Amino acid sequence: MKDYFERSYAQESDKNDKIYEYRERFYLKDDEYYMDGNSCGLCSKDAEETLERVLSEWKKYGIDCWTKPEHQLFLYQDYLGELMAPIINAKASEVTIHSSTTINIHTAIGTFYKPTKEKFKILVDDINFPTDRYAIDSQIRLKGLNPEDCVKVVESRDGKMIFEEDFIEAMTEDVAIIFLPSVLYRSGQLVGMEKITKVAKERGIIIGWDLCHSVGVVPHDFNALQPDFAVFCTYKYLNGGPGSPAGLYINEKHFNKEPGLAGWHGNKKETQFDLKHTFESANNAGGWQTGTQHVLSMAPLEGSLKMINEMGVGILREKSLMLTKYMMDLVDEKLVKYGFEIGNPREDEIRGGHVALEHEEAMRINEALKANKVIPDFRFPNVIRLAPVPLYVSYEDVYDVIEIIEKIMINKEYEKYSKKRGIVA
Ligand SMILES: *Cc1c(COP(=O)(O)O)cnc(C)c1O
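Note that the structure is predicted; figures quoted are calculated from it, not measured. (Residues numbered from 1 in each chain as written. Predicted model: local features only at pLDDT ≥ 70, side-chain atom pairs only at ≥ 80, totals over all residues. Heavy atoms only, no water.)

> I tried to follow helix H8 (residues 193-202) on my own but got confused; where do I start?
Structurally, the α-helix is built with 3.6 residues per turn, so residues lying three or four positions apart point the same way. The complete set of buried residues in H8 reads Met-193, Ile-196, Thr-197, Val-199 and Ala-200. Projected down its long axis, H8 carries its buried residues within an arc of 165°, all on one side. Turned more than 90 degrees away from the buried face of H8 sit Glu-194, Lys-198 and Glu-202, all of them exposed. Summarising the contacts, the buried residues of H8 are in contact with helix H7 (164-170), strand E5 (175-181), strand E6 (206-210) and helix H9 (222-225). Looking one or two residues beyond H8, the residue adopting positive phi is Gly-204, at roughly 70°. (Buried < 20%, exposed > 50% of the residue type's maximum accessible area, 1.4 Å probe, protein only. Helix = DSSP H or I, 4+ residues; strand = E, 2+ residues; numbered from the N terminus. Arc of directions from axis to C-beta. Contact = heavy atoms within 4.5 Å.)

> Just checking my understanding: could you explain the site of the ligand for this structure?
The full set close to the ligand counts 13 residues, and Thr-102, Asp-132, His-213, Tyr-235 and Lys-236 are the nearest of them. Asp-132 places a polar side-chain atom, nitrogen or oxygen, 2.8 Å from a nitrogen atom of the ligand. The separation between an oxygen atom of the ligand and a polar side-chain atom of Tyr-235 is 2.7 Å. Bound to the protein, the ligand loses 86% of the 390 Å² it would expose on its own. Split by residue class, the shell around the ligand holds four nonpolar, six polar and three charged. (Near = heavy atom within 4 Å. Polar contact = N/O pair within 3.5 Å; in protein donor to acceptor, adjacent residues only side chain to side chain. Areas by Shrake-Rupley, 256 points an atom, 1.4 Å probe, with all protein chains shown as cover. Nonpolar A, V, L, I, M, F, W, Y, C, P; charged D, E, K, R; others polar.)

> How should the pairing of strand E13 (residues 383-386) be read in this particular structure?
Regular strands have side chains that alternate between both faces of the sheet. Every second residue of E13 is oriented toward a common face, with Val-383 and Arg-385 on one face and Ile-384 and Leu-386 on the other, all of them buried. Across four bridges, strand E10 (residues 355-358) lies against E13 in antiparallel orientation. By the bridge assignment, Ala-356 is partnered in E13 with Arg-385. Where strand E12 (residues 377-379) lies against E13, three bridges are found, and the strand directions are antiparallel. Bridging from a neighbouring strand, Asp-377 pairs with Arg-385 of E13. Joining the antiparallel neighbours E12 and E13 is a turn of three residues. (Pairing = 2+ DSSP bridges.)

This is a description of form; function is not addressed.
So, in structure tokens, the structure goes:
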């Protein structure tokens, strides 16, 4: 393609981008390239406005903030669940916003893990984000069992990817639950969720998905997929802000189950304030609520989810795929000669929202990037993750970032940084 590797191509693509103007609703800095939206999405004016509104409701009403505002804060998590549901195409009753991803794994495993002599294993991969595994091991121990006996780990063939055949083979009679990430946090692989879910269901295995790295950038169709449960954080591609409470999806066929971690906010709203000592589940995903919600932490999510619903995740996915493809092509053209490799899958069907650039000097190059006003995300020992988030990253940003990396390599700018590791990486 003519000019493909020139700035003019990037500028032209930005002109044709239907959602380009959404950038202006985010707090982007003029001289900075934000490539870390897969770890902490940026703040938008929309998110700020809903946070300020909820804050003003507290100011105005005191305790009556629970019931007086248009969106009663007592039911706020249900309202956010309604806004969240279209993003994974689930029923509103199946989605709630609650606590953290880790806690939601605890409550989901606590709900569904009913080990018997014959069926007692939880099937996982070995390259998922570690907190998922910690929660699973902990739930197994709480049953008085040993994770060494009860966790069945399928090792990745190459340390980067999950191969669905390996999991299908591993779904044996003794497996009670399978729990996997939708997109791998390092390699950015989008896992074959349909196939794995289908086989799990055929074999009577409970299936749960961790959508942390896909929700808000990869469309999901849970009405079609029908998994048993899913968890996801809301501060990555959903831009809910640091520590914004997580999402929990519970398939409606399980509404009658007892939540793994019960609490009074999971009680039916009609009788919650009867304060009886017998728990009556809300009979929707809200039944998995525990204590009083973190309302102020949730509030930015309202603005953020409404913004995403304006366009739908399909459009975001389209642009995301084009941005990551453009980035990879620029890497091939300009950076491979300096020893970079692309660690994520190249095919659209199995690629998530970020590019995983591998280099033996990744840590120091990452430092040089920061000095050049690029905000990357380093994963020890050799991966720089770059997430061109479609809501606020432009084609020209992608062009500039690759040009900056090229400059860093030509001038060996990374050599002045230490090889010592920081804490948050
Ligand atoms: C980001 C992420 C988490 C985060 O868990 P928190 O409890 O929200 O801190 C968990 N699992 C995966 C796969 C993630 O990518």
